[in-house]
Amino acid sequence: MAFDFEKALRRWTSQHTDLVELKNSRVRDAGGVYERWENPVLTASHAPLFWRYDLDRRRNPFLLERHGLAAVGAAGAVERAGKICLVVRLVARDGGSFFAVAESDNGVDNFHFWDHPLRLPEGDAPDTGLSDMRLTAHEDGWLYGVFGASRGEADGEARFGIVRTHDLVSWERLADLRSRGPAPASVVLHPELVRGRYAFHTQAGSAAEPGAPKALAIAFCENVEQAELDSAGAQIGPGLRPSAPGAPPLRTARGWLSLAVASHATPDGARSVLTVHVSDPEDPSRVTAAPAAYLLRLGDGASGATPAPTCAGAVLRATGEVLVYYSAEGGLHVATSSLERLLDYATQPPADAAGSDAARRSAFVERNLKLLARTKGKAYRGLRS
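Below is a summary of the structure that appears in this document. (Residues numbered from 1 in each chain as written. Predicted model: local features only at pLDDT ≥ 70, side-chain atom pairs only at ≥ 80, totals over all residues. Heavy atoms only, no water.)

Positionally, Ser338 belongs in strand β25 (residues 331–338). For Ser338, the contacting residues outside a window of four places in its chain are Gly320 and Val322. (Helix = DSSP H or I, 4+ residues; strand = E, 2+ residues; numbered from the N terminus. Contact = heavy atoms within 4.5 Å.)

The next subject is the sheet that holds strand β10 (residues 171–173). With antiparallel pairing, four strands are arranged side by side in an open sheet as β7-β8-β9-β10. Two strands in the sheet have a free side with no partner beyond their single neighbour: β7 (134–137) and β10. Strand-to-strand twist across the sheet, computed as the mean angle between neighbouring axes with direction ignored, equals 25°. Two elements, strand β9 (residues 159–165) and β10, share three bridges in a ladder whose sense is antiparallel. What sits directly across from Arg164, in β10, is Glu172. (Pairing = 2+ DSSP bridges. Axes fitted to C-alpha atoms, helices over the stretch in contact; angles between N-to-C directions.)

What follows covers the pattern of salt bridges. Counted by the stated rule, this structure contains 20 salt bridges. Here Arg173 makes a salt bridge to Asp176, at a shortest N to O gap of 3.3 Å. With respect to burial, Arg173 and Asp176 carry one shared label: buried. Look at the salt bridges and you will find they share partners, linking Asp54, Asp56, Arg58 and Arg59 into a network. (Salt bridge = Lys/Arg side-chain N within 4 Å of Asp/Glu carboxyl O. Buried < 20%, exposed > 50% of the residue type's maximum accessible area, 1.4 Å probe, protein only.)

Here we come to empty space enclosed by the protein. Under the counting rule described, the total for this entry stands at three cavities of 30 Å³ or more. The volume enclosed by the second largest cavity comes to roughly 60 Å³. With three residues, the single largest contributor to the lining of the second largest cavity is strand β19 (residues 255–266). In terms of residue class, the lining of the second largest cavity is made up of six nonpolar, five polar and no charged. (1 Å grid on protein atoms, 1.4 Å probe; cavity = no way out; pocket = protein on both sides within 12 Å on 5 of 7 lines; lining within 4 Å. Points joined across faces, edges and corners; volume = space filled by probe spheres on them. Nonpolar A, V, L, I, M, F, W, Y, C, P; charged D, E, K, R; others polar.)

For the structure on display, the rule yields five aromatic pairs. Taking 5.4 Å as the distance between ring centres and 70° as the angle between the ring planes, the aromatic pair formed by Phe99 and Phe147 counts as edge-to-face. One end of the pair, Phe99, is in strand β5 (residues 97–104); the other, Phe147, is in strand β8 (residues 143–149), and 48 residues separate them in sequence. Judged by its relative accessible area of 3%, Phe99 is buried. Residue classification places Phe147 among the buried positions, given a relative accessible area of 1%. Among the aromatic side chains, those forming a connected cluster through ring pairs are Trp51, Phe98 and Phe113. The aromatic ring of Trp12 is capped on one face by Arg11, whose charged end is 4.6 Å from the ring centroid. Positioned above the aromatic ring of Trp142, the side-chain terminus of Arg164 is 4.3 Å from the ring centre. (Phe/Tyr/Trp six-rings, centres within 6.5 Å; stacked < 30°, edge-to-face > 60°. Lys NZ or Arg CZ within 6 Å of the ring centre and 35° of its normal.)

Attention shifts here to the pairing of β25. Where burial is concerned, most of β25 is hidden: eight out of the eight residues are buried. Burial along β25 is two-sided: the residues Gly331, His333, Ala335 and Ser337 and Leu332, Val334, Thr336 and Ser338 are all buried. Pairing of strand β2 (residues 35–37) with β25 involves two bridges; the strand directions are antiparallel. Residue pairing across strands places Glu35 opposite Thr336, the latter belonging to β25. Examined bridge by bridge, strand β24 (residues 321–328) and β25 share eight bridges and lie antiparallel to one another. By the bridge assignment, Glu321 is partnered in β25 with Ser338. Counting the residues between successive antiparallel strands, the hairpin from β24 to β25 contains two residues, one of them, Glu329, with a positive phi of roughly 55°.

Written as structure tokens, this is what we have:
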């Protein structure tokens, strides 16, 4: 039977529309700190059909996918004119990657890609080997994007490109980020000047030193247009120590709320997790509070063209809602919370370091049992069976 091009195109179009317009539903976490959302907000299949298929019947009579996509990475996030805009990295089946903008009214579903992928200005050579972009709305009035890129297979040095924009449409390319010390493995621009200088959240370890211990760090430069970082100072605080910055920090009345990535050891091996901590409003290198446990498990790792799970974007809305975007299993996911809940979780006293895990847990249980013994409220009934 002859292939019906028009019928197949209508079917692909209908399926794509159903996917993009699928309503998401929240899945409340038992811990109460955040809600995950059931469906990924973006996958490779969300990309427009005209990015992947040649729609000319003569050149593509069987409507085959010519430029397939394998996965989406993490995304920088920002709120613009009431819409949530993501700059997401898409990974092609041939291993290449590029950035594109997708926007949504509510930030949890109905993300639509803009018609064209981003064509960012390039430096002396084409950008290849792109890593996820972090977006920072800076107090200097610019929206900055910082992303990793190499300059071809022979270039073994870790490089970070810096671009900036006012509207996500017209971008200005700045000089690549340089460092006086070892090349950092991850970089996030701080949203405000710190003592008159631009600050970058990075790592104390180097991508070129895989055996070196990693820790969050702060490094500074005088001029972001020719950014050269000084030696990074470690950002060490209580709780599970993160090894890489995640989303740009959010300013709150209690200090900077930061989301970072850590590797968490489990009986089944290391897992990527998201941690949260609060740092001093005037000195972001000084951690003032952090819980003993991680906030959210990102995923079990990646293989092939699937990007490693990470978090690159978070948005604090005027309502106090916080949207956290993280990648896992080749798709982009969202978790939501409120600023009050996250701050309460982040500023709780860390677990007592003295004694064994069983001793600390027993002390916690004993406090609750004493409370139950003197409480008559209905909500407490049946808790102890």
